[in-house]
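So the chains spell out like this:
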Amino acid sequence: MGEKPTEISGEVLKGMEKKVEALKMLMDLSSVISSTLDFSELIPIVMEKAKAVMEAEACSILLYNKDANRLEFEVALCEEGPTSELLKKQVTLEMGQGIAGWVAQNLRPLVIPDVGSDKRFYGDADKLTGFTTKSIIAVPLIGRGGLIGVAEVINHKKDYDMEIFQLLCRQFAIAIENSLFHKESLERERMKQELDIASAIQKSFLPASPVFRKGNLIVSAKNISAAKVGGDIYDFVEPAEGRVGVLIGDVSGKGVSAAIYMAKVSSDFRYIACLADSPSTALDRLNISLAGAPRGMFLTGIYMIVDTSTGNCHVSVAGHPPFLWLSDSTVRVMSVPAGPPVGIVPSEYPSASFRLNKGDRLILLTDGLFDAKNRDGQRLGFDAVVKLVTEHLHEEQLIERLVDFADDFSGGGDRADDLTIVELKWGA
Amino acid sequence: MKIDITEHNGAKVFSLSGDIDLYSSPALRKELIFFIGEKVPLLLVDFRDVSYIDSSGIATLVEGLRGMMSHGGKMKLFGIPERIVEIFAFSKLDKVFDICGSLDDAVKD
């Protein structure tokens, strides 16, 4: 004997059919919203679907701006067409303000059948668009990283399915979050390319070759930036026949701002150095041309002019670490009378003179070398650099030795500062 | 870096601790700009607990000094630790900033 089949009432059947229909729509939607990562394509699709499911007159999405801690209209659609541009420019909500603000603050959905009787309703959007809001369903859009925004359907049909709408909103949240991640990664890639170009342009401000020979003088330089672009500078110029000018400098700060300032320093220096017959005159003039830079920016530097036939050196220093004079058996730390960094206060830079003997070397460096930090947070220090140079006084590849020394000390960590070393060899 | 701001005989005292570098100096800049806007007559920067300062930090202080001078105010640094005295000596910043030994010295003149 078979069991008597269960009878299903017409009403239940109708309800089941609706559920099946809604689930089918959800499946369709998931394939549609996963078909694009383009935020501007995705949002209208999401909105149309929300409007259709809820048979609503209008719907909107407000995105959460974390920095401003406010909700901003991203898009609003109503039967009369999109009103988003109007709202986008003029209406933002504080957390807790209006229905959407309440939902964002409490991370809970809200159904308001009659907005006229709810004090939380914020009517400014209606005033602006001419639309009349009667009812609202607002659902928070929550992604893996927390609140993304709020979806609202306005003037929906009475016979709505909140469960389906919430499922829909969960899908929206994932899709929006994925597209925002995608947008950010595209932006990061664009920034990376910009930095690559900036780095190439900045390198072009340095001498084409890091080695310069003139008479008995050989100048070699090594410049390593902590980031793609840096604030260290070196330059070789010939201010007059038989004279070579060597500059090493360090612009305050790091990154793009330091690089742009370095570009200005480089062009101003080349112009000034050609007209100045002494390092002190050159720094005096550079100090005037770089005065009043934004954000207190300044340059520390050493400018030295070497007579390529006699080995006579004239040097002026602007707030820069001492340089080293290596002779046959000694390393001298050259703290000559100096002025403040260039670009801060009016100043007249003193100069000092000395004469190189055959085989002498000078090492000019920036603080990126001795400020190298190890994993315990200790810094290498200037004295350690002097000690190393003393121990390797006769080594040919001293620049490489110094770079390796700083890198070994840092234990392979990220370089914190730009590093530049310039070596002058006399009579080699 | 931490910034504690107190008052001492009508002067604002910024007590800094930790590293003043590229990452921490924007917070210092924000406070300096606020008090420059308030046109405080004397701003004293306590360096006793500063472990390190880089060129970004120094530039922030230079900007602060310029801001103070623009309304006739004064900015002084005091209690600079030996490790940082070396940086200041290299940089000839004694020609830029008014540097005092202690808070009492800084308030005196």
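In case you missed it, the structure is sitting above this.
Report follows, based on the coordinates. (Residues numbered from 1 in each chain as written. Chains lettered and ligands numbered in written order. Predicted model: local features only at pLDDT ≥ 70, side-chain atom pairs only at ≥ 80, totals over all residues. Heavy atoms only, no water.)

**Looking at the pattern of salt bridges**
Side-chain pairs of opposite charge can arise whenever the charged atoms involved come near each other. What counts here: Here a salt bridge means any side-chain nitrogen of Lys or Arg lying within 4 Å of a carboxyl oxygen belonging to Asp or Glu. Accessibility here uses a 1.4 Å probe with only protein chains present; expressed as a share of the type maximum, an area under 20% marks a residue as buried, one over 50% as exposed, and anything in between as partly exposed. In this description a helix means any DSSP run of H or I spanning at least four residues, a strand means any run of E spanning at least two, and both kinds are numbered starting from the N terminus.
With the rule as written, the count across this model stands at 24 salt bridges over all chains. A salt bridge links Glu-423 of chain A to Lys-425 of chain A, with the nearest nitrogen and oxygen atoms 4.0 Å apart. Per residue, the accessibility class of Glu-423 of chain A equals that of Lys-425 of chain A, and both read buried. Ionic pairing is found between Arg-83 of chain B and Glu-86 of chain B, a salt bridge with its closest N-O pair at 3.4 Å. Of this pair, Arg-83 of chain B and Glu-86 of chain B are both found in helix α3 (residues 82-91), 3 residues apart, which corresponds to roughly one turn of the helix. Under the relative-accessibility criterion, Arg-83 of chain B is labelled partly exposed at 31%. One continuous salt-bridge network, built from bridges that share partners, spans Arg-361, Glu-396, Glu-423 and Lys-425 of chain A.

**Side note on empty space enclosed by the protein**
The following threshold applies: A cavity, in this analysis, means grid points on a 1 Å lattice covering only the protein atoms where a 1.4 Å probe fits yet has no way out; a pocket is instead an open set bounded by protein on both sides within 12 Å along at least five of seven lines, and a residue lines either one if it has an atom within 4 Å of a point. Grid points are joined across faces, edges and corners, and a volume is the space filled by probe spheres set on the points. Any residue outside Ala, Val, Leu, Ile, Met, Phe, Trp, Tyr, Cys, Pro, Asp, Glu, Lys and Arg is labelled polar, Gly included; the first ten of those are nonpolar and the last four are charged.
Inspection of every chain in the model, using the stated rule, returns 3 cavities of 30 Å³ or more. Of the volumes computed, that of the second largest cavity is approximately 190 Å³. Lining the second largest cavity we find 17 residues, and of these Thr-300 and Asp-367 of chain A together with Ile-58, Ile-87 and Ser-91 of chain B sit closest to its centre. Broken down by element, the lining of the second largest cavity gets its largest block of residues, 3 residues, from α3 of chain B. Here the lining of the second largest cavity is built from residues that sort into 8 nonpolar, 5 polar and 4 charged.

**A look at the packing of aromatic side chains**
Applicable threshold: Each aromatic pair joins two rings of Phe, Tyr and Trp (for Trp, the six-membered one) with centres within 6.5 Å, and gets the label stacked for planes under 30 degrees apart, edge-to-face for over 60, and tilted for any other angle. Over a ring means this: the NZ of a Lys or the CZ of an Arg is within 6 Å of the ring centre and within 35 degrees of the ring normal.
Here the structure, examined in full by the defined rule, presents 11 aromatic pairs over all chains. Residues Phe-34 of chain B and Phe-35 of chain B carry aromatic rings whose centres are separated by 5.0 Å and whose planes lie at 85 degrees to one another, so their mutual orientation is edge-to-face. Using a relative accessible area of 46% as the deciding quantity, one classes Phe-34 of chain B as partly exposed. A relative accessible area of 10% means that Phe-35 of chain B is categorised as buried. One aromatic cluster is present, built from ring pairs that chain together Phe-212, Tyr-234 and Phe-236 of chain A. The aromatic ring of Trp-325 of chain A is capped on one face by Arg-332 of chain A, whose charged end is 4.0 Å from the ring centroid.

**Notes on the sheet that holds strand β10 (residues 232-240) of chain A**
All names here are of chain A. Selection criterion: Here, any two strands with at least 2 DSSP bridges between them count as paired. Lines fitted to the C-alpha atoms define the axes, with helices restricted to the stretch that makes contact. Angles between their N-to-C directions range from 0 to 180 degrees. Two residues form a contact once any of their heavy atoms are found within 4.5 Å.
The strand order across the open sheet formed by 5 strands is β10-β11-β12-β13-β16, and the pairing between neighbours is antiparallel. Since the sheet does not close on itself, it has two edges, and those belong to β10 and β16 (352-355), each with one partner. Pairwise comparison of adjacent strand axes, ignoring direction, gives a mean angle of 20 degrees for this sheet. Bridging between strand β13 (residues 312-318) and β16 involves 4 bridges; their strand directions are antiparallel. Residue pairing for β16: Cys-313 is matched across the bridge by Phe-354. Against the sheet, helix α7 (residues 255-275) contacts β10, β11 (243-251) and β12 (299-307), and its axis sits at roughly 10 degrees relative to β10.

**A few points about the pairing of strand β18 (residues 419-426) of chain A**
Residue and element names in this part refer to chain A. Among the 8 residues of β18, 8 are classified as buried, and the element is accordingly described as predominantly covered. Every second residue of β18 is oriented toward a common face, with Leu-419, Ile-421, Glu-423 and Lys-425 on one face and Thr-420, Val-422, Leu-424 and Trp-426 on the other, all of them buried. Pairing of strand β9 (residues 217-224) with β18 involves 8 bridges; the strand directions are antiparallel. Along β18, the bridge assignment pairs Ile-218 with Lys-425. Bridge count between strand β17 (residues 361-365) and β18: 5 bridges; the pairing is antiparallel. Residue pairing for β18: Leu-364 is matched across the bridge by Val-422.

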